Amino acid sequence: MKISVLPILEDNYAYVLQGDDGAVGVVDPGTAEPVIEFLEARGLSLDTIFLTHHHWDHVNGVPALLKRYDCDVAGPRGEADKIKHLKTPLYEGGDFAFDGEKFEAFETPGHTLGAICLYFPESAALFSGDTLFSMGCGRLFEGTAQQMWESFQKILALPDETLIYPGHEYTLANGAFCQSVEPENADLQQRMDEVRRLRADEKPSIPVSLAVEKATNVFLRAGSADTFAARRALKDRS
Ligand code: ZN
Ligand code: FE
């Protein structure tokens, strides 16, 4: 599967997926125009819209895409009441595939209660929505710190080489916060240097490997739900 990164809105990312047999998907189209532009420029149609959670900056492109393409809308079963156009509810343990490639929907409550992360093992890709950002994580709008911490454990159990594709480009600000918590962390320093170079060239700081996140993300590195809660609260105030 080929994955293309699409910067949209202020700092969101949508992702276009091209399966090995030609099917096309898009993850979290918070707006439709750049997605349509991308597809048109390449003579592609759209088969599946994937959604990680119900927030407007991840779903607002759906109606316009549905007007143009006869496609499926797959998203969290737990937010079916909040996502108007949902057709295929995704849930943990379900048997799902896109263009012949199996994928899993991890239920990762915290940012929202029904939030999911989409894991494609063959492609070693995790679409983490607003659950996990590079060096950061989503705010606890609906869930508790305990829930988010448990959600992280599902991600931490994946292979180190898994590439994380998050919902936002918040990496520099997140990294600055991580450095305030772990000023001596050499991996963090190195990652920040790399991110500064990428951003200076207007390139995305993602995808990023789980190995790098394990070494640099102070939320994933909290060690306990209590420490995670304290760090999340500190970041919210910063
Ligand atoms: Zn969100
Ligand atoms: Fe968001």
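Preceding this section is the structure that the text describes.
Residues numbered from 1 in each chain as written. Chains lettered and ligands numbered in written order. Predicted model: local features only at pLDDT ≥ 70, side-chain atom pairs only at ≥ 80, totals over all residues. Heavy atoms only, no water.

**Some details on the pairing of strand 2 (residues 12–18)**
Across the 7 residues of strand 2, 7 count as buried, placing the element largely inside the fold. Of the two faces of strand 2, the one carrying N12, A14, V16 and Q18 and the one carrying Y13, Y15 and L17 are both buried. Across 7 bridges, the pairing between strand 1 (residues 2–8) and strand 2 is antiparallel. Residue pairing across strands places S4 opposite V16, the latter belonging to strand 2. Hairpin connection, strand 1 to strand 2: the antiparallel pair is bridged by 3 residues, and L9 has positive phi, about 50 degrees. Across 4 bridges, the pairing between strand 2 and strand 3 (residues 24–27) is antiparallel. Residue Y15 lies in a different strand from strand 3, and its bridge partner there is V27. The hairpin turn running from strand 2 into strand 3, its antiparallel successor, is 5 residues long, and G22 in that turn takes a positive phi close to 100 degrees. (Buried < 20%, exposed > 50% of the residue type's maximum accessible area, 1.4 Å probe, protein only. Helix = DSSP H or I, 4+ residues; strand = E, 2+ residues; numbered from the N terminus. Pairing = 2+ DSSP bridges.)

**Let's talk about the coordination of the zinc ion (ligand 1)**
Note on the zinc ion (ligand 1): its protein donors are H53 (NE2), H55 (ND1), H111 (NE2) and D130 (OD). The metal-donor distances range over 2.2 to 2.3 Å. Each donor residue of the zinc ion (ligand 1) lies on the same chain, and together they follow the pattern H-x1-H-x55-H-x18-D. In this structure, the zinc ion (ligand 1) lies 3.2 Å from the iron ion (ligand 2), and both are coordinated by D130. Within this pair, whereas H53 is found in the loop between strand 4 (48–50) and helix 2 (56–59), its partner H111 is found in the loop between strand 8 (101–107) and strand 9 (116–120), the two being separated by 58 residues in sequence. Each of the two residues, H53 as well as H111, counts as buried. (Donors = N, O, S within 2.8 Å, 3.2 Å for Na, K, Ca; no water.)

**Remarks on the coordination of the iron ion (ligand 2)**
Looking at the iron ion (ligand 2), the protein donor atoms are D57 (OD), H58 (NE2), D130 (OD) and H168 (NE2), and they sit 2.1 to 2.3 Å from it. Coordination geometry of the iron ion (ligand 2): the 4 donor atoms subtend angles of 83 to 170 degrees at the metal centre, consistent with an arrangement described as irregular. Using a relative accessible area of 9% as the deciding quantity, one classes D57 as buried. Residue H58 is classed as buried on the basis of its relative accessible area of 0%. (Tetrahedral: all angles 85-135°; square planar, octahedral: opposite > 155°, others 65-115°.)

**Here we look at the packing of aromatic side chains**
Tallied over the full model, the rule gives 18 aromatic pairs. When the ring of Y15 is compared with that of F127, the centres are 5.5 Å apart and the planes differ by 55 degrees; the resulting orientation is tilted. Of this pair, Y15 sits in strand 2 while F127 is found in strand 10 (residues 125–129), placing the two residues 112 residues apart along the sequence. One exposure class covers both Y15 and F127, and it is buried. An aromatic cluster is built from Y13, Y15, F50, Y91, F96, F98, F103, F120, F127 and Y165, whose rings are joined through pairwise contacts. (Phe/Tyr/Trp six-rings, centres within 6.5 Å; stacked < 30°, edge-to-face > 60°.)

**As for the packing of helix 4 (residues 145–156) against helix 8 (residues 225–237)**
Packing of helix 4 against helix 8 brings their axes to within 9 Å, and their N-to-C directions diverge by 110 degrees. In terms of orientation, helix 4 lies roughly perpendicular with respect to helix 8. Along this stretch, helix 4 crosses helix 8, giving a crossing that reads as right-handed. Contact with helix 4, carried on its side by A145, Q146, M148, W149 and F152, involves A225, F228 and A229 of helix 8 and no other residues of that element. (Axes fitted to C-alpha atoms, helices over the stretch in contact; angles between N-to-C directions. Parallel < 35°, antiparallel > 145°, perpendicular 65-115°, else oblique. Left-handed = near helix turned anticlockwise from the far one by under 90°. Contact = heavy atoms within 4.5 Å.)

**Thoughts on helix 1 (residues 33–41)**
All of the buried residues in helix 1 are V35, I36, F38 and L39. For helix 1, the arc enclosing every buried residue in end-on projection is 160 degrees, short of the 170-degree limit, so these residues lie on one face. Along helix 1, exposed side chains directed more than 90 degrees from the buried face belong to E33, E37 and A41. In this structure, the buried residues of helix 1 make contact with strand 1, strand 2, strand 3 and helix 3 (62–68). Where helix 1 terminates, the next one or two residues include G43, which has phi positive at roughly 65 degrees. (Arc of directions from axis to C-beta.)

**What to know about the sheet that holds strand 3**
Pairing is mixed across the open sheet formed by 6 strands, whose spatial order is 1-2-3-4-5-6. Unpaired on one side and paired on the other, strand 1 and strand 6 (88–90) mark the two borders of the sheet. Put simply, the sheet's adjacent strands are angled 20 degrees from each other on average, direction ignored. When strand 3 meets strand 4, the two strands line up parallel, connected through 3 bridges. Each bridged residue has a counterpart across the sheet, and for V27 the counterpart in strand 4 is F50. Contacts between helix 1 and the sheet are confined to strand 1, strand 2 and strand 3, with strand 1 contributing the most and set at about 140 degrees to the helix.

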